[in-house]
Each structure stands twice: as C-alpha cells, then as structure tokens.
Amino acid sequence: MELGNIEKLLEKYFEATTTVEEEKMLREYFSQEDVATHLEQYRPMFNYFSMAKEERYTKQVPLKPRKDFYKWVSIAAVAVLSFGIYFGNEYRERKQAEYAYNETKKAFELLAENFGKGTEKVAYLQEFEAAKQKIYNNN
Amino acid sequence: MKQAEFLNVVMPFKDKLYRLAKRLLVSKEEAEDATQEILLKLWSKNETMGEYKNVEAFAMTMTKNFCLDRLKSKQAGNLKLVHSNYTDENTSLQKQLEVEDSINWMEKIMEELPEQQKMVLQLRDVEQYDFEEICELLDMKPTAVRVTLSRARKAVRQELIKKHNYGIG
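Residues numbered from 1 in each chain as written. Chains lettered and ligands numbered in written order. Predicted model: local features only at pLDDT ≥ 70, side-chain atom pairs only at ≥ 80, totals over all residues.

## Considerations on the interface of chain B and chain A
Okay, step 1: Each partner contributes to the interface: chain B provides 33 residues, whereas chain A provides 23 residues.
Okay, step 2: Broken down by secondary-structure element, the contributors of at least two residues to the side of chain B that touches chain A are helix 1 (3-25), helix 2 (28-44), helix 4 (93-112), helix 5 (115-126) and helix 7 (142-166) of chain B.
Okay, step 3: By residue number, the principal contributor to the side of chain B that touches chain A is helix 7 of chain B, which donates 10 residues.
Okay, step 4: Per-class residue counts for the side of chain B that touches chain A are 14 nonpolar, eight polar and 11 charged. (Contact = placed C-beta atoms within 7 Å. Helix = DSSP H or I, 4+ residues; strand = E, 2+ residues; numbered from the N terminus. Nonpolar A, V, L, I, M, F, W, Y, C, P; charged D, E, K, R; others polar.)

Okay, structure coming up:
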C-alpha cells in the first residue's frame, strides 16, 4: 500500500475512526521489513499488539474444582465433630451415673451399718421384754 | 451442559480472558489465578449458560470486573512489583535484543495507562473487538469508547515519540 494512504490511515487511527480492517492493514504494513523512516517510531506499537495476541493461557482448564473438595472435607469435619460431642456426652453421662451410683451405695452401706447397730441394741430390749413377761406370768 | 461441551465453548476465548486479566493485573501468576477463577465460576454456572446469548462477552465482562475488584482490594501497589515476565521469541540475538527492548518499552507504556484506556486498547488493538462489543463489555457509550481509545492511542504515541527522540531504541 502506498505511503500516503498509510499516513491517512494513521491519522484516522489516532482519532479512533478506523475500522477493524483498516487497523489490520496498518498492522500488516508495520510488520514488514521496510517502513518509511518517519513512520518507524510507530512500529513497536503495532508489532506489540500483534505479539500480545500470541500469548496463551497454558494452564489446565480446571473442571474438577477444588472448591468441591473443601466442601466435602468440611462436611466430614462437621460430622466427626458432632459425633465426638454426642458420644463424648454419653460417656460423661455414664461416668456421672456411675459416680452417683457409688455414692448412693456408700450412703446405703452407712445406713445399713447403723441399722445393724440399732438392731443389736434392740436385742437387749427383747431380753427385757422376755423377763417382764416371765414376771407377769408368774403373778 | 457436559464437560466436553463446556470445553468447546470456553476453549476459543480462554486466551482472551487471560490476556485481559494480564493486561490489568500485570503479573503472570495473578492473571493465571484470575483466569482459573473465572473459568471455575463459568463452570459452576454451566446449567444456565445456554441462556446467555454471548458467553464470550459474558466471560470477558466477568474477567474485567474480577480484575478491577482485585486491583481495588490489593491497593494496586503490591501487584505492580511483579512484572518480570515478558515472553521472548527465538530470533537472532541482535534482533531479539532490539525487539525485546521495544516490546518491554511498549509493555511499560501500557502499564502506565489508566485502567479504562488499557482495557479499550486491549480489546480493540489486541483482540480486535467491534465498537459495539466493547461498549457492551465495558458498559460504555460508543462515543466514550471512541474518545478513550483515541486518548489511549495518542498517549502511547506520545511516549513512543519521546523515546524515539532520545534515540534509545
């Protein structure tokens, strides 16, 4: 393409009135070896744009999101935690019941012991009663 | 939508998403993370994806919003530190140095532009979107797009002329 045309296109380009096709022409012009010296300064601009388009996203497209993984791990963690709290409570309750049972047993034992003492004393009373009965009968 | 179908839809424009993300976030790693995030979001929407008439435009808008949010939350400052990843092509050494130099220079010029101008340049001059598409993607009026594009191009030109006059490259 002749120089005059390119200059006109450049002018339009900087006013942002060029079409996509015209801009393509400009990029093509600046990608070739001989560029008019007074236009040389624009070369990096157009070459850069062409080059910038070559850049690629090289990573894998992540379709198995790690978000899911975290979701399941958190669900599992909550399950384990509530399991622990539930059974921990049960265990503690059992311990408490055992303790209460032992204390009660101790109290009953104490009571029984004292009852035993009581009955021993009652034995004397019975003796007294028997003696009293003998005396009554004799009269 | 099945995996294979989804891939067929996404494959043609995944690079565009990545390039837009990289234009805005500058760092390669950040851009890759952003692209991955967007693809995951798209995949999670795959049930309703048939309803969008233009999945590509939808994904590009998502990328734009995601990256702008990212920039806002990161205060932009610490992101700008990592930008040592320009691609190198294998041409002859002398030529390569020259080309690399001008490419690095352009990359720097692009980095200095305001976000709006960056995006318009990326979408138009790199990806060759139509004006209507750019309006839709960036939610701008056609005149606004034209003005921004013209300003961005002129800003780049000014920097290039400055450099050319110094005779650095």
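## A short note on the nonpolar core
Most often, soluble globular proteins keep nonpolar side chains buried together rather than apart.
Okay, step 1: Ranked by internal contacts, the top residues of the largest apolar core, which has 45 residues, are A:Met45, B:Leu17, B:Ala21, B:Leu25, B:Ala34, B:Ile38 and B:Val120.
Okay, step 2: Per element, the largest residue contribution to this core is seven residues, and it comes from helix 1 of chain B.
Okay, step 3: Sequence-distant contacts of B:Leu17, defined by excluding residues within four places in its chain, comprise B:Thr35, B:Ile38, B:Ala59, B:Met60 and B:Thr63. (Core = buried A, V, L, I, M, F, W, Y, C linked by C-beta atoms within 7 Å. Buried ≥ 20, exposed ≤ 12 C-beta atoms within 10 Å, placed from the backbone.)

## With respect to the UniProt feature "transmembrane region" (unreviewed entry) in chain A
Okay, step 1: In the numbering adopted here, UniProt assigns the feature "transmembrane region" (unreviewed entry) to residues 69-88 of chain A.
Okay, step 2: Span residues 69-88 of chain A is 100% helix and 0% strand, its end C-alpha atoms 28 Å apart. (UniProt positions renumbered as here; feature names shortened; annotations may be inferred.)

## A short note on helix 5 of chain B
Okay, step 1: With 12 residues, helix 5 of chain B extends 15 Å from end C-alpha to end C-alpha; this agrees with the ideal 16 Å at 1.5 Å per step.
Okay, step 2: Within the span of helix 5 of chain B, buried status applies to B:Gln117, B:Met119, B:Val120, B:Leu121, B:Gln122, B:Leu123, B:Arg124, B:Asp125 and B:Val126.
Okay, step 3: On the buried face of helix 5 of chain B, the contacting elements are helix 2 (20-31) and helix 3 (43-52) of chain A together with helix 1, helix 3 (55-73), helix 6 (131-138) and helix 7 of chain B.
Okay, step 4: Immediately beyond the C-terminal end of helix 5 of chain B, within one or two residues, lies B:Gln128, with a positive phi of roughly 55°. (Expected span 1.5 Å × (residues − 1).)

## As for helix 3 of chain B
All names here are of chain B.
Okay, step 1: Taking 1.5 Å of rise per residue, 19 residues should cover 27 Å, and helix 3 covers 27 Å from first to last C-alpha, within 8% of that figure.
Okay, step 2: Where helix 3 is concerned, the buried positions are Ala59, Met60, Thr63, Lys64, Phe66 and Cys67.
Okay, step 3: On its buried face, helix 3 is in contact with helix 1, helix 2, helix 5 and helix 6.

## Re the environment of B:Leu68
Residues and elements named next belong to chain B.
Okay, step 1: Secondary-structure assignment places Leu68 in helix 3.
Okay, step 2: Judged by the 15 C-beta atoms lying within 10 Å of it, Leu68 is partly exposed.
Okay, step 3: Sequence separation of Leu68 and Glu115 is 47 residues, and the distance between their C-alpha atoms is 8.5 Å.

## Quick look at the environment of B:Arg153
Okay, step 1: If you trace the backbone, B:Arg153 turns up in helix 7.
Okay, step 2: Exposure remark for B:Arg153: the 22 C-beta atoms within 10 Å place this residue in the buried category.
Okay, step 3: A sequence separation of 33 residues divides B:Arg153 from B:Val120, and the C-alpha atoms of the two residues are 9.8 Å apart.
Okay, step 4: Setting aside anything within four residues of it in sequence, one finds B:Arg153 in contact with A:Tyr13, A:Phe14 and A:Ala16.

## With respect to unusual backbone geometry
Excluding glycine, residues mostly carry a negative phi; peptide bonds, for their part, are mostly trans.
Okay, step 1: Unusually for a residue other than glycine, A:Ala16 sits at a positive phi of about 60°.
Okay, step 2: Inspection of the secondary structure puts A:Ala16 in the loop between helix 1 (3-14) and helix 2.
Okay, step 3: A count of 19 C-beta atoms within 10 Å places A:Ala16 in the partly exposed class.
Okay, step 4: A positive phi angle, close to 70°, is found at B:Val26, a residue other than glycine.
Okay, step 5: With respect to the helices and strands, the residue B:Val26 is situated in the loop between helix 1 and helix 2.

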